[in-house]
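Now for the letters of each chain:
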Amino acid sequence: PNRAFYYQQDPEGEELRGMWLGEYPMFAELSQINPYTDLNAGDIFIIPEATSCPTHLVRTGVKVFVYQLGKVDATKQLKAGCQYISHNFYLSKESGVDVQQSHIIIPYMNVGKTHFGPIDNSKRENIIILNHDDNEGAGWDLVNPSLENFCRDSSSCEIVRPEGLKAPELNALFRRSKIIVTTCMRGTERMPVEAAMAGVVFLTNDCANSKDNRDFPLPREHIFSERNKLVNVVQNILNNFEIEQAKLDTFRSVYKNVGHLSMIRETKQFYRAATSE
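Residues numbered from 1 in each chain as written. Predicted model: local features only at pLDDT ≥ 70, side-chain atom pairs only at ≥ 80, totals over all residues. Heavy atoms only, no water.

(A) Looking closely at the side chain of S102. Along the chain, S102 falls in the loop between α4 (89-94) and α5 (111-114). Residue class for S102 comes out buried when judged on its relative accessible area of 11%. Engagement of the side chain of S102 in a polar contact is seen with the side chain of H103, the distance being 2.9 Å. Here S102 is in contact with E266, Q269, F270 and A273, once residues within four sequence places are set aside. (Helix = DSSP H or I, 4+ residues; strand = E, 2+ residues; numbered from the N terminus. Buried < 20%, exposed > 50% of the residue type's maximum accessible area, 1.4 Å probe, protein only. Polar contact = N/O pair within 3.5 Å; in protein donor to acceptor, adjacent residues only side chain to side chain. Contact = heavy atoms within 4.5 Å.)

(B) Structural context of the sheet that holds strand β4 (residues 127-130). One open sheet holds the five strands; their spatial order is β5-β4-β6-β7-β8, and the pairing between them is parallel. Every interior strand has two partners, whereas the edge strands, β5 (158-160) and β8 (223-224), have only one. The pairing of strand β6 (residues 179-181) with strand β7 (residues 201-205) spans three bridges and is parallel. Among the inter-strand pairings, V181 is bridged to a residue of β7, identified as L203. The sheet strands contacting helix α9 (residues 230-239) are β4, β6, β7 and β8, and the helix crosses β7 at an angle near 170°. (Pairing = 2+ DSSP bridges. Axes fitted to C-alpha atoms, helices over the stretch in contact; angles between N-to-C directions.)

(C) Geometry of the state of the cysteines. As enumerated under the stated definition, the model contains two disulfides in all. Paired through a disulfide, C53 and C82 show a sulfur-sulfur distance of 2.1 Å. Because the sign of the S-S torsion sets the handedness, a value of about 95° for the bond joining C53 and C82 places this disulfide among the right-handed ones. Taken together, the residues C53 in the loop between β1 (44-48) and α2 (55-59) and C82 in the loop between α3 (75-79) and β3 (83-86) connect sequence positions 29 residues apart. The same class applies to C53 and to C82, which are both buried. The disulfide bridge from C151 ends at C157, spanning 2.0 Å between sulfur atoms. Its S-S torsion of about -110° marks the bond between C151 and C157 as left-handed, since a negative value means left-handed. (Disulfide = S-S within 2.5 Å.)

(D) Broad picture of the environment of K268. As for its placement among the helices and strands, K268 is situated in helix α12 (residues 260-276). Along the sequence, K268 and I105 sit 163 residues apart, while their C-alpha atoms lie 9.8 Å from each other.

(E) The arrangement of the nonpolar core in detail. Ranked by internal contacts, the top residues of the largest apolar core, which has 43 residues, are I128, L147, V181, F202, L203, V234 and F251. With 15 residues, the next largest nonpolar core counts F45, A74, Y84 and I104 among its residues. (Core = buried A, V, L, I, M, F, W, Y, C linked by side-chain atoms within 4.5 Å.)

(F) Broad picture of the pairing of β4. The side-chain alternation of β4 yields two buried faces, one formed by I127 and I129 and the other by I128 and L130. Where β4 and β5 come together, three bridges link them in parallel fashion. By the bridge assignment, I128 is partnered in β5 with I159.

(G) Up close: unusual backbone geometry. A positive phi is found at D98, a non-glycine position, where the angle reads about 55°. On the basis of relative accessible area, D98 is assigned to the partly exposed category, the value being 46%.

(H) The pattern of salt bridges, seen in detail. Within the structure shown, the criterion is met by six salt bridges. Between E125 and R176 there is a salt bridge; the shortest N-O distance is 3.1 Å. Within this pair, whereas E125 is found in the loop between α5 and β4, its partner R176 is found in helix α7 (residues 167-176), the two being separated by 51 residues in sequence. Taking relative accessible area as the criterion, E125 reaches 35% and is therefore assigned partly exposed. Connected via shared salt-bridge partners are E221, E244 and K247. (Salt bridge = Lys/Arg side-chain N within 4 Å of Asp/Glu carboxyl O.)

Written out as structure tokens, the structure reads:
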């Protein structure tokens, strides 16, 4: 099979290209092709999940894969003949695809956002970051008043909602904070990962992506639920911060190795698997 690289042109193509080049300069080295005229049987064509499966290419023998980055029902794409790769295990299983290990390709983040060096607790305060991420109906109606009441009544913590912060400001906040709370993650969300890499304790609820330990090897006591009350979890972490922080060593060891080299390895693994199918 031939290896092809494709940059999808659209009305915002040049603007998006400029954004991507700023964070991923190697993107400029990719060739641009026209998928309607330059692809042949046996070629691999990867499309975003928001793009309809190009059945005309499937019929000509092109191996079309949808790269799943969000929670989208895969039924229509599978029926049209497209296959799937995913950025994590939970999303592929939840969407009815359940891809094998070779078809998991984890996108990497800018090195400056995840590689903070040794964890420094000298500037830590009892700051709790709330990472809403627009997850409507994901339990925030309970989380917000619960934590606000706790911090107000105990005078032991401060809640911060990181809205409109630039990267240096966000990194500084991570180095000062002790806890980040998110709910019902719909994939590998960047802010909790970045915060955890800086030494913040990552809390989420027993919902959606937290249920797959392959994506998030979190200690069970850091996953709150009806039985494991959020306020109790927070109180324990504030009282025993360094002990609870150390429980995320396994999590950090997973994500500190996610970078462009790991994505290259996973892409090669996927390519070998796809061409042998």
